[in-house]
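# Observations on the model geometry
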Amino acid sequence: MVAPLDVPRLVAGDSFVLRSWELGDLPLVREASSDDYIPLITTVPSAYSQVAGEAFVRRQWERASTGSGYPFVIVRVEDGRPVGTVGLWLRDLNEGRASLGYWVVGSARGQGVAAEALRAVAAWALGDLQIPRLQLYVEPWNAASQRTAERVGFQREGLLRSWQEVGEERRDMIMYSMLGVDLSSPAAG
């Protein structure tokens, strides 16, 4: 049996902190539920209700308690408002790699939120956890997410055709990776 994970509190730049999910984060889940894309690629409910929102938060707790990954909420320091999430998923850890995923609600996009959070988790995963390889997947049309990954120092590796089911169709994904040596690259600073 895999040991439960303790989701740490991480600082993400000067403006954000990352912490574990709380039931008080339901307004974030509600806003994400109304997004056209987030519910298609995550377990965020497409139709929000109190019960569905609480079930989503409990799934995040379960991911940590079963050792499958570290789900973080991105919280803006200025006002304490949760604005998104970043997760470090450990399904392939025995192969020396982990994957990351992230989303930010529409009202907080374009403010560098995802980049700061991704940079903090990547540095922690590669440094403190000593994971040899991190990877993430972005749809080819999602230029903003590609810029985020590249700004943090992830390297574009190639197109994975029909890689993932999104909604009810198979979609291509661009694979990005980061190794410990990439942390010191100019793009990662």
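Rules and cut-offs
- Residues numbered from 1 in each chain as written.
- Predicted model: local features only at pLDDT ≥ 70, side-chain atom pairs only at ≥ 80, totals over all residues.
- Heavy atoms only, no water.
- Helix = DSSP H or I, 4+ residues; strand = E, 2+ residues; numbered from the N terminus.
- Rg over C-alpha atoms; globule rule 2.2 N^0.38 Å.
- Buried < 20%, exposed > 50% of the residue type's maximum accessible area, 1.4 Å probe, protein only.
- Contact = heavy atoms within 4.5 Å.
- Pairing = 2+ DSSP bridges.
- Axes fitted to C-alpha atoms, helices over the stretch in contact; angles between N-to-C directions.
- Expected span 1.5 Å × (residues − 1).
- Arc of directions from axis to C-beta.
- Parallel < 35°, antiparallel > 145°, perpendicular 65-115°, else oblique.
- Left-handed = near helix turned anticlockwise from the far one by under 90°.
- Nonpolar A, V, L, I, M, F, W, Y, C, P; charged D, E, K, R; others polar.

## Notes on the overall build of the protein chain
Counting its regular elements, the protein chain contains five helices and eight strands. For a compact globule of 189 residues, the expected C-alpha radius of gyration is about 16 Å, and the protein chain comes in at 16 Å, within 12% of that figure. Its C-alpha atoms give the protein chain principal-axis dimensions of roughly 45 × 40 × 35 Å. Burial status across the protein chain gives 46% buried among its 189 residues. Taking all contacts inside the protein chain whose residues are at least 6 apart in sequence as the whole, residues at least 24 apart take part in 60%.

## Quick notes on the environment of Pro45
The topology assignment puts Pro45 in the loop between helix H2 (38-41) and helix H3 (50-65). Judged by relative accessible area, which is 12%, Pro45 ranks as buried. Residues Pro45 and Pro140 lie 95 residues apart in sequence; the distance between their C-alpha atoms is 24 Å. If we skip the residues at most four places from it in the chain, Pro45 touches Val29, Ser33, Pro39, Ala52, Gly53 and Phe56.

## Overview of the pairing of strand E8 (residues 169-179)
Relative to E8, strand E6 (residues 133-138) runs antiparallel, the two being bridged by six bridges. When the bridges of E8 are listed, Leu134 appears paired with Met178. Inspection of the sheet shows strand E7 (residues 155-166) paired to E8 by eight bridges, in the antiparallel sense. When the sheet's bridge partners are listed, Leu160 is paired in E8 with Met173. Connecting E7 to the antiparallel partner E8 that follows it, the hairpin turn spans two residues, and Gly167 within it adopts a positive phi of roughly 65 degrees.

## A look at the sheet that holds strand E1 (residues 10-12)
Strand order in the open sheet made by the eight strands is E1-E2-E3-E4-E5-E6-E8-E7, with mixed pairing throughout. For this open sheet the edge positions go to E1 and E7, each flanked by a neighbour on one side alone. For this sheet, the mean inter-axis angle between neighbouring strands, taken without regard to orientation, is 30 degrees. Looking at chain direction, strand E5 (residues 97-104) and E6 are connected through three bridges and run parallel. In the sheet register, Ser99 faces E6, and the bridge partner there is Gln135.

## Here's the deal with helix H4 (residues 113-127)
Here H4 contains 15 residues, and its C-alpha end-to-end distance of 21 Å stays within 8% of the 21 Å for a straight helix at 1.5 Å per residue. Counting buried positions over the 15 residues of H4 gives 12, a clear majority of the element.

## Regarding H3
Between its first and last C-alpha, H3 extends 22 Å over 16 residues, near the 22 Å set by a 1.5 Å rise per residue. Of all the residues in H3, the buried ones are Gly53, Phe56, Val57, Gln60 and Ala64. For H3, the arc enclosing every buried residue in end-on projection is 90 degrees, short of the 170-degree limit, so these residues lie on one face. Positive backbone phi, at 80 degrees, marks Gly67, one or two positions downstream of H3.

## Topic: the packing of H4 against helix H5 (residues 143-152)
Where H4 contacts H5, the two axes come as close as 9 Å, and the packing angle between them is 40 degrees. For the element pair H4 / H5, the angle class is oblique. The interaxial crossing formed by H4 with H5 has right-handed handedness. Side by side, H4 and H5 meet where Ala114, Ala115, Leu118 and Arg119 of the first sit next to Thr148, Ala149, Arg151 and Val152 of the second. Residue composition of the contact of H4 with H5, by class: five nonpolar, one polar and two charged.

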